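# Chain and residue survey
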Amino acid sequence: MNRSVTKKRISDPSLYPCCLLRNNITSGRRKMIKGGTIVSVPTKPWTLMYRIYRDVLPDVHRELERWKAKAGNIPNDELRKQALASIRTKAFHCEGGAVYSLLANERRADVIRFIVAYQTISDYLDNLCDRSTSQDEKDFRALHEAMLHALTPGAEPSEYYRYRDDRDDGGYLAALVTTCQRVLETLPGFNDIRDAVHELASYYCDLQVYKHVETERRVPLLESWFNNYKDKYPGLTWYEFSACAGSTLGVFCFVAYAANQSLREEEVKRLIDGYFPWVQGLHILLDYFIDQEEDRVGGDLNFVFYYKDKETMVERLKHIKEKAIESIQTLPDKKFHYLINKGLLAIYLSDKKVQENEEIKKMARQFIRFGGLPTLLFYWNSWMFRKA
């Protein structure tokens, strides 16, 4: 990465926020001490990008290197292969998720440690399920116990590989789980968010199980699962609800806010309503959008394939983007969350999979237009980051 380009463009100290803000979640304001300077949660594209490069990415890369080294020592060949592949090909999931650490004040490093470990569990298990010779529902359910245990300090890691032949990971998955637990047990607000993060993680685990079973069972299972929630989330189709369940952003947001303070019941409700379903849905539908060609060739489940035509898909994604913006209006630090939504569009639309497919690239331009100027700025920055 050519860091000098980024630093040159955003090195003007006048761009850094430096006012003293009340540490009050209901007002959406924070104060953070960094080297004796008081700074706020970023609310402008250029300050957010600067803080990501300065405060987030270096720590994320250090954590990933640590897990990469541990993954390289996994005794089982297949498990080692999938653990290393998940870090190599999906590191940007950790980079993007760790942006939420900027909400955590002086606990930023701890929150990054949690986010990298939790997202690495998610990506590793996704690889194991995608590349599995088994399509056993019990196997997928057992593997994803790790996602729930990681959110339960004190829970003993179980034999997550008990339904498969490849088992000896040298303690890799258990170490990821306990790393998450050790961070969470130190957070003053964790008991307040425990039920909410378990709810989000349960959605995620159910999705991962149902989408990886035998091909002919996937849609019926997902439709039946959605029937349990369709009255609670009207206006969504079964495939849109499934996409909403597939994101870890809500969990990261909760952990960041719980890092420094307790949260009242109404604050927890505002956060979960702010992120589920719309923000999480936008996140994962964009992921599926850029993977269309890859999934078509591989015969994999892709939720955007279920829209009746491309025009409907574009209109629905635009609608979900607008609902996501609407849902964050009552959140603390709403300008930060607004930028995250704009940045999501840019990060995915700058992906090389989009640039290499003219049809998808044409649709991506429409998304950039309705994302506005912040999306254009993030798009340019993301494109430069990937080129460097």
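Look a little higher up for the structure.
## Quick notes on the overall build of the protein chain
Each helix and strand counted, the protein chain has 18 helices and two strands in total. Scored against the burial criterion, the 388 residues of the protein chain give a buried share of 56%. Counting contacts in the protein chain only where the partners sit at least 6 residues apart, residues at least 24 apart contribute 73% of the total. As displayed, the protein chain has an accessible area near 17000 Å², and 50% of this comes from carbon and sulfur atoms.

## A closer look at the pattern of salt bridges
Evaluation of the coordinates by the stated rule reveals 24 salt bridges. One salt bridge connects Glu266 with Arg264, and the closest N-O pair in it is separated by 2.8 Å. According to the relative accessible area criterion, Glu266 is partly exposed, its value standing at 43%. Of the charged contacts in the structure, one is a salt bridge between Lys323 and Glu326, with a shortest N-O distance of 3.6 Å. With a gap of three residues between them, Lys323 and Glu326 both fall in helix α15 (residues 310-327), about one helical turn apart.

## Side note on the nonpolar core
The biggest cluster of nonpolar side chains holds 114 residues, and the ones touching the most others in it are Tyr100, Phe114, Tyr118, Ile121 and Phe303. Those residues in contact with Ile121 that lie beyond four places of it in its chain are Ala146, Met147, Ala150, Leu173, Leu176, Val177 and Cys180.

## Brief notes about the environment of Thr178
With respect to the helices and strands, Thr178 occurs in helix α7 (residues 172-184). Taking the C-alpha atoms as reference points, Thr178 and Glu156, separated by 22 residues in sequence, lie 8.6 Å from one another. Among the polar contacts made by the side chain of Thr178, one reaches the main-chain carbonyl oxygen of Ala175 at a distance of 3.1 Å.

## Some words on helix α8 (residues 190-210)
Helix length check: α8 (21 residues) gives 29 Å between terminal C-alpha atoms against 30 Å at 1.5 Å per residue, within 8%. Roughly 30 degrees is the biggest bend found in α8, and it falls at Ala196.

## Side note on the environment of Asp192
Turning to its location among the elements, Asp192 is positioned in helix α8. Since its relative accessible area comes to 31%, Asp192 is described here as partly exposed. The spacing of Asp192 and Glu265 is 73 residues in sequence and 7.4 Å in space, taken between C-alpha atoms. In this structure Asp192 touches Ser262, Leu263 and Val268, once residues within four positions along its chain are discounted. A polar atom in the side chain of Asp192 sits 2.9 Å from the backbone nitrogen of Leu263.

## Quick notes on the side chain of Ser242
Of note, Ser242 is situated in helix α10 (residues 238-245). Overall, Ser242 belongs to the buried group, its relative accessible area being 0%. Beyond its immediate chain neighbours, meaning those up to four positions away, Ser242 contacts Leu207, Leu222, Trp225 and Phe303.

## Remarks on the packing of aromatic side chains
According to the stated counting rule, one finds 23 aromatic pairs in the structure shown. Taken together, a centroid distance of 5.4 Å and an interplanar angle of 90 degrees make the contact between Tyr124 and Tyr172 edge-to-face. In this pair, Tyr124 is assigned in helix α4 (residues 108-130) and Tyr172 in helix α7, connecting sequence segments 48 residues apart. For the pair formed by Tyr124 and Tyr172, the shared burial category is buried. Between Trp238 and Tyr239, the ring centres sit 5.4 Å apart and the planes meet at 90 degrees, which makes this aromatic pair edge-to-face. Neither Trp238 nor Tyr239 differs from the other in exposure class; each is buried. By the ring-pair criterion, three or more aromatic residues cluster together here, those being Tyr203, Tyr210, Trp225, Phe226, Tyr229, Tyr233, Phe241 and Phe276. Across the ring face of Trp67, the terminal group of Arg66 is positioned such that the distance to the ring centre comes to 4.7 Å. Directly above the aromatic system of Tyr163 lies the positively charged group of Lys138, at a separation of 5.6 Å from the ring centroid.

Criteria and thresholds
- Residues numbered from 1 in each chain as written.
- Predicted model: local features only at pLDDT ≥ 70, side-chain atom pairs only at ≥ 80, totals over all residues.
- Heavy atoms only, no water.
- Helix = DSSP H or I, 4+ residues; strand = E, 2+ residues; numbered from the N terminus.
- Buried < 20%, exposed > 50% of the residue type's maximum accessible area, 1.4 Å probe, protein only.
- Contact = heavy atoms within 4.5 Å.
- Areas by Shrake-Rupley, 256 points an atom, 1.4 Å probe, with all protein chains shown as cover.
- Salt bridge = Lys/Arg side-chain N within 4 Å of Asp/Glu carboxyl O.
- Core = buried A, V, L, I, M, F, W, Y, C linked by side-chain atoms within 4.5 Å.
- Polar contact = N/O pair within 3.5 Å; in protein donor to acceptor, adjacent residues only side chain to side chain.
- Expected span 1.5 Å × (residues − 1).
- Bend = angle between axes of the 7 residues up to and from the residue.
- Phe/Tyr/Trp six-rings, centres within 6.5 Å; stacked < 30°, edge-to-face > 60°.
- Lys NZ or Arg CZ within 6 Å of the ring centre and 35° of its normal.

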